[in-house]
Each structure stands twice: as structure tokens, then as C-alpha cells.
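The lines below spell out each chain.
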Amino acid sequence: MTDLLAHFRARKDGMLDLLGELVRRESFTVDKTQVDQLVGYLQGALRLFGAQTVQRLPQPEVGDFLLAEWNPTAPGKPVLVLCHIDTVHPPGTLQKAPAHIEDHRFYAPGALDMKAGAVIVLEALRSLHNQNRLTRTVKLLMTTDEEIGSPHSRAVIEAEAAGAELALVLEPATSEGAIKTARKGGAKFTLTIEGRPAHAGIAPQLGINAIIEFAQQALEINGLNDLKYGTSVSLTRVSGGSAGNVIPAHVEAHIDTRAITNAEMQRIERALGGLYPKMPGAIVRCRRHGFRPPMERQAGIFERAAEIAARHGITLEEGASGGGSDGNFTAAMGIPTLDGLGAHGDGAHTLQEHIIIDSLPRQAAVVAAILQEW
Ligand SMILES: [Zn+2]
């Protein structure tokens, strides 16, 4: 392909048609039946895009995953491409916000995050395959639980990434159209406090008030924030107490934490793990779940991608994101990771979600160039 960009521009209508097919099939993460219909459609379509092997990985709780390979017998390490096909939009959202084109933008729930990403990589792979330009193995992993933190796919992602030369993540670009070379990590914690119940009228002095214990812990937890440095520690939910005339014996609270560096994630975890009761007899416990390590900027990776894109007349920019993605997992393993290679647009997770149509061929050219020349 002498002019990659011109090649994909000529394919723009076909790319839009495929995007229309994908957004027509709604795929809210927790609706397995619905997501599996989209999985079934893609399973059939992957062969048409040149995939030589297509495996469906059954999942009991979320939609099945798909793992497809191009050039499976090529020498060298494969490139792993990550794409999630679930969305945050409950069934029926498409009726409230129907797909339409306006002002060179394509609007539809799930279009930006990230069904356009699937279209971009499939079109790039088909073109490279048809023109015999693929000299390496490419593995495409399509997952269905990213929007709930990838609890089921994480192990599969890490197993596939372990032997990979490079991981490409087709999440949308930043709102300025930049590749994401750094992302915050995050972890959620549950704080539980046990006190001792007592009758609030007859013998309040016999109780240990879990709410009073919580109030003191809450201030200490709030003190862990370092917003200037990008670290946030937020108490996001709390419940406790049993009846209006009982000294409360139990409080449960949720804590959302985010940080740019692994060192900060560890500082927070140590502090939360080391909380001790302020009131004699109270019990304080903090348990971590749903951890995503930060994606720290990897030296030289963006520069190499930018150099490849420049050969095709495309200028790549880089940026950071406060949100996490599956790229956090591969980057934390030390696998070179390029994230935000998907469409440009805005309004992810809202009814105004849309992509800029011209970014489809542009990003397909970027992805094809990287797959061909990395
Ligand atoms: Zn996404």
C-alpha cells in the first residue's frame, strides 16, 4: 500500500456500515444474552476479515470472549490487540438515542467506547491480510467485561500478553485525539467497622458506637488525598446502624482510590491496611477488590509509533487519562502498550456519544502501519 491513508479513506463507507451493524446490537455488560448476540455476529464476521483461527471462550457470567489469529505460524512474538465490545448503556438506550450522522460525526451509544475501535482494527487487518503485508502473528482478543473492571477477562488478557511483543488497545483517543501513554490506576476498598450494640436509652454506655468510630476513620482516610500529585482517595458510599434506638454496631463504607504511580498506589494501600481503631473495643477492617495498576509512561514506545505514523504523513500526539483500561494490565507486566488507538470523538458513556467519521480511516492507517512496521 503506497498511500495507506488514501486506501482507508476509500474504505470509509464500508467501515461506517460495519459500525452500524455493531451499534445496532446493544451490548450492556451485564446482559449476557444480548452481548452473546453481538459475539455471535462477530464470530461469523472475523473470517471475512482474514482471521485464520477463531476461538470462542465461553463465560458463565458475562458475554463470551473471542480470540482470533492472523498469520498464526509466523515466526517471532505476536502482537496482541485488545478490544472490548461491551458498553455501559442498558438495553433500550439506542431507542432513546438513535444512531445518526450529523456534522461529519456518527452518533450512537457505544460507538466511541469502543465499537469504532473494533471496526478500525478489523479493517486494518483485512487490508494487510488481503495484500499479504502481515509478516507477524496478530492475536485479537475481544472481551465483554471491561466496563465493570475486567474481573473475568483479566487472567486471559495477562496470559495472552505474557508472550506478546506489543499490546495495542483500541480504546478511544483522548478528546484532543491523542494516544494514551499513561493512565491512572485504581483500587476499590471496603471498610467495615464493628462496634457493640446497646439500648440507646437504658444502657448507652455499654455500646461501642460504630458510627463515631467511622467518623474518625473517615477524616483520617480523607487525609490520604494528594490531588496535586494525582492521588485521590474518596469515600463514596456508607451505610450503618440498625434501629433508631440502638447504638450502632456496624458500618460499611466504600472507598475509591486512584493514582498515577505504583508507588502512590502502594502508599494508599499500606495506609488503608494499617488503620487502627480509635475507640477501645472497636474493630476496623479494610479489604481491597477491583485493582487496576497504573499505566506508567513507557520510554520510547510512543516515539517509535510516532515515527512509523510520520512515514505515512500522520502526526501522532500523546496524552494521559484519569480512567483505566485493559492497557493498565499489559503495561504493568512490562509489555510495550499503545492505548487510545481507537476513534476520535466525545461523549463516551452518555447519550451524546459520537465519533468523528474521518478518524475511522485515519486510525485504521495508524494501526495498519504499526502492525506492518513495528
Ligand atoms: Zn472502553
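Before reading on, note that the structure itself is shown above.
What you see is a predicted model, and the numbers here were worked out from it, not measured in a lab.

Visitor: Is there a simple way to think about the overall build of the protein in this case?
Guide: The helix and strand tally for the protein stands at eleven helices and 18 strands. Taken over the C-alpha atoms alone, the protein extends approximately 85 × 45 × 40 Å along its principal axes. The buried share of the protein, reckoned over its 374 residues, is 53%. Sequence separation of 24 or more characterises 78% of the internal contacts of the protein that already satisfy a separation of 6 or more.

Visitor: Help me understand the pairing of strand E2 (residues 65-70) in this model?
Guide: On a regular strand, one side chain projects to one face of the sheet and the next to the other, so that they alternate. In terms of burial, E2 is a largely internal element, six of the six residues being buried. Residues Phe65, Leu67 and Glu69 of E2 are buried on one face, and the alternating residues Leu66, Ala68 and Trp70, pointing to the opposite face, are buried as well.

Visitor: Any chance you could explain the packing of helix H2 (residues 12-24) against helix H3 (residues 32-46) here in plain terms?
Guide: Think of two packed helices as two axes; the pair is described by the angle between the axes and how far apart they sit. Running from N to C, H2 and H3 point in directions that differ by 150°, and their axes come no closer than 9 Å. As far as their axial angle goes, H3 and H2 are roughly antiparallel. For the pair H2 and H3, the contacting residues are Leu18, Glu21 and Leu22 in the first and Leu38, Tyr41 and Leu42 in the second. Of the residues assigned to the contact of H2 with H3, the class counts are five nonpolar, no polar and one charged.

Visitor: Hey, could you run me through the sheet that holds strand E6 (residues 138-143) in this one?
Guide: Remark on secondary structure: sheet strands pair via backbone hydrogen bonds, oriented parallel or antiparallel. One open sheet accounts for six strands, arranged E1-E2-E6-E3-E7-E16; its pairing is mixed. Single-partner strands in this sheet number two, and they are strand E1 (53-57) and strand E16 (337-338). Bridge analysis of strand E3 (residues 79-84) against E6 gives six bridges, and the strand direction is parallel. Looking at the pairing, Leu80 lines up with Lys139 of E6. Of the strands in this sheet, E1, E2, E3 and E6 touch helix H6 (residues 154-162), which is tilted by about 160° from E3. Of the strands in this sheet, E3, E6, strand E7 (166-169) and E16 are in contact with helix H11 (residues 359-373), which crosses E7 at around 170°.

About the thresholds
Residues numbered from 1 in each chain as written. Predicted model: local features only at pLDDT ≥ 70, side-chain atom pairs only at ≥ 80, totals over all residues. Heavy atoms only, no water. Helix = DSSP H or I, 4+ residues; strand = E, 2+ residues; numbered from the N terminus. Buried < 20%, exposed > 50% of the residue type's maximum accessible area, 1.4 Å probe, protein only. Contact = heavy atoms within 4.5 Å. Axes fitted to C-alpha atoms, helices over the stretch in contact; angles between N-to-C directions. Parallel < 35°, antiparallel > 145°, perpendicular 65-115°, else oblique. Nonpolar A, V, L, I, M, F, W, Y, C, P; charged D, E, K, R; others polar. Pairing = 2+ DSSP bridges.

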